[in-house]
Amino acid sequence: MLILLPSNFRNKFNMQKMNIKKDIAISESGFVFDPTTGESYSLNAIGVEILTLLKEGNDQQEITDFVLQKYEVDADTFDNNYYDFINMLKQFNLAKTEA
Amino acid sequence: MDKKKIVVAVTGLNNTDNPGPGIPVIRGIRESKEFDVRIIGLAYENLEPGIYMKDIVDKTYQIPYPSTGSDVLMDRISYINSIENIDVLIPNFDAELYTFMKSEELLKNIGINTFLPTIEQFEERHKSNLPAFGKKYGIKAPFSKDIISPLDIQQIKYEFQYPVLVKGKFYDAYIAYNEEQVTNHFNKISAKWGVPVIIQQFIRGTEVNVVALGDGKGNTIGAVPMRKQYITDKGKAWGGITLSDKKMLEITHNLISKTKWRGGMELEMIKTINNEYYMIEINPRIPAWVYLAVGAGQNIPEALVKLALGMKVEPYKSYEVGKMFIRYSYDLIGDIRQFEKLSISGEL
């Protein structure tokens, strides 16, 4: 399914900084635990890296640079996956966009 | 250090799929480093599993239901005490609490200590009084109303929006989406628990609970929040996890401070998507999942025994977050001779 977004949407999205919930525990195995809700989640290795980078306060550009340098992926593909990942974090109340 | 020898009598040995808190309370007390405890089980029914758990309960006596009259029950307790010299008695059922609270002085006079809420505390937190209770103590509570007859059901649509919760005065809660379902639940609940049946506004969100202990002077001795992870068809927790939730602890501490709550309690709350907390029930006793608190570092049953004995108890300051409990079922092998002894002599 194609979703049409306003042309400036992605750029606006790029500019937004994510606030990751402070209390969450991320283990190297990919297990994420939210102690305020008791919910837990599983991430793959790259998910752990991105969530850790977000938690450390890196913005999307810094994370993109890191991933493009480390993995064989083009910017558009990563951008799409990153967008999906962030939306999932928001949906599970693990992250919110900084006002 | 020599452990102090004490005798503790406990009800709620029904460790079934709708468990009483007796067995987890006993496990907590048995883990005490200060007490060498003899446990006297007080059972209403012959097949309460705790009766047959010989490493948990040292001796069990049958007792009559409080509905047979408080004098009959107290006579039986006096008889048991004449043999066992009970130091502390911990009643664990909502339905028996009133009788034990009323008899607190009488029990004290024969050397049995309890640590129970006052009648006022017990009465004002009733499900049907919850909106007024919430208003008095600054806690959000869903709108509730008592109904005593099927004729009242027609009025519900003028005051509530469906779905609503239909609750028994002690136990049981069902969700109802229309009048017909309310009628079914009303009939079922009133037949089992009597009236009133409580109609409560349905709040959407996640149910979270706190087990807590108040010292009767406004201090919280222990408090551990939990979320049920696995719920049975009776709505009971079959698995749960301790949470780090400052707001829940703040609500608990405020409530205990303002009410000067005395004894164990369970707060049942709904956390909405907007992070608002609604108090849906206050149980005036230790809940069946209390052993999770023990596992997380707060031995609430032991602290309750100390308070009952008039010992000084330092409040717990922390607990481990992310501790889980998982219930399981287990087949005990008994013998008809045990059942016979209990049935005939009322003791095992």
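Residues numbered from 1 in each chain as written. Chains lettered and ligands numbered in written order. Predicted model: local features only at pLDDT ≥ 70, side-chain atom pairs only at ≥ 80, totals over all residues. Heavy atoms only, no water.

A. Representation of the pattern of salt bridges. Residues and elements named next belong to chain B. According to the stated counting rule, one finds 24 salt bridges over all chains in the structure shown. In this structure, Asp 58 and Arg 30 form a salt bridge, with 2.9 Å as the shortest nitrogen-oxygen distance. On the criterion of sequence distance, the pair formed by Asp 58 in the loop between β2 (35–43) and β3 (59–62) and Arg 30 in helix α1 (residues 22–30) is long-range, its members being 28 residues apart. The exposure class assigned to Asp 58 is partly exposed, which follows from its relative accessible area of 32%. Here Glu 276 and Lys 140 are joined by a salt bridge, their closest N and O atoms 3.7 Å apart. In this pair, Glu 276 is assigned in the loop between β12 (262–271) and β13 (277–283) and Lys 140 in the loop between α6 (130–137) and β5 (144–147), connecting sequence segments 136 residues apart. Here Lys 140 falls in the partly exposed class, since its relative accessible area comes to 41%. (Salt bridge = Lys/Arg side-chain N within 4 Å of Asp/Glu carboxyl O. Helix = DSSP H or I, 4+ residues; strand = E, 2+ residues; numbered from the N terminus. Buried < 20%, exposed > 50% of the residue type's maximum accessible area, 1.4 Å probe, protein only.)

B. Region of interest: the sheet that holds strand β11 (residues 237–242) of chain B. Residue and element names in this part refer to chain B. Taking strand neighbours across the sheet as the criterion, the 6 strands line up as β13-β12-β9-β10-β11-β14 in an open arrangement whose pairing is antiparallel. The open sheet has two free edges, formed respectively by β13 and β14 (324–326), since each of these has just one partner strand. Taken over all neighbouring pairs, the strand axes of this sheet differ in orientation by 30° on average, direction set aside. Sheet topology note: the β12/β13 ladder contains 6 bridges and is antiparallel. Across the sheet, residue Met 269 finds its bridge partner in β13, namely Met 279. The strands that helix α11 (residues 300–308) touches are β9 (206–215), β10 (220–231) and β12; relative to β9, the one it contacts most, it runs at about 30°. (Pairing = 2+ DSSP bridges. Axes fitted to C-alpha atoms, helices over the stretch in contact; angles between N-to-C directions. Contact = heavy atoms within 4.5 Å.)

C. Quick look at the confidence of the model for chain B. In this model, chain B carries an average pLDDT of 94, and 100% of its residues clear a pLDDT of 70 or more. Interface scoring of the predicted complex returns ipTM 0.77; its pTM is 0.87. (pLDDT = per-residue confidence, 0-100.)

D. Spotlight on the packing of aromatic side chains. All names here are of chain B. Counting across every chain of the model gives 8 aromatic pairs over all chains. The interplanar angle of 10° and the centroid separation of 4.8 Å between the aromatic rings of Tyr 44 and Tyr 65 together place this pair among those described as stacked. Here Tyr 65 lies in the loop between β3 and α2 (70–84) and Tyr 44 lies in the loop between β2 and β3, a separation of 21 residues in the sequence. Relative to Tyr 137, the ring of Phe 133 has its centre 4.7 Å away and its plane inclined at 55°; by these criteria the two rings are tilted. Placement of both Phe 133 and Tyr 137 in helix α6 is noted, with a separation of 4 residues, approximately one turn of the helix. Comparing Phe 133 with Tyr 137, the two get one shared label, buried. (Phe/Tyr/Trp six-rings, centres within 6.5 Å; stacked < 30°, edge-to-face > 60°.)

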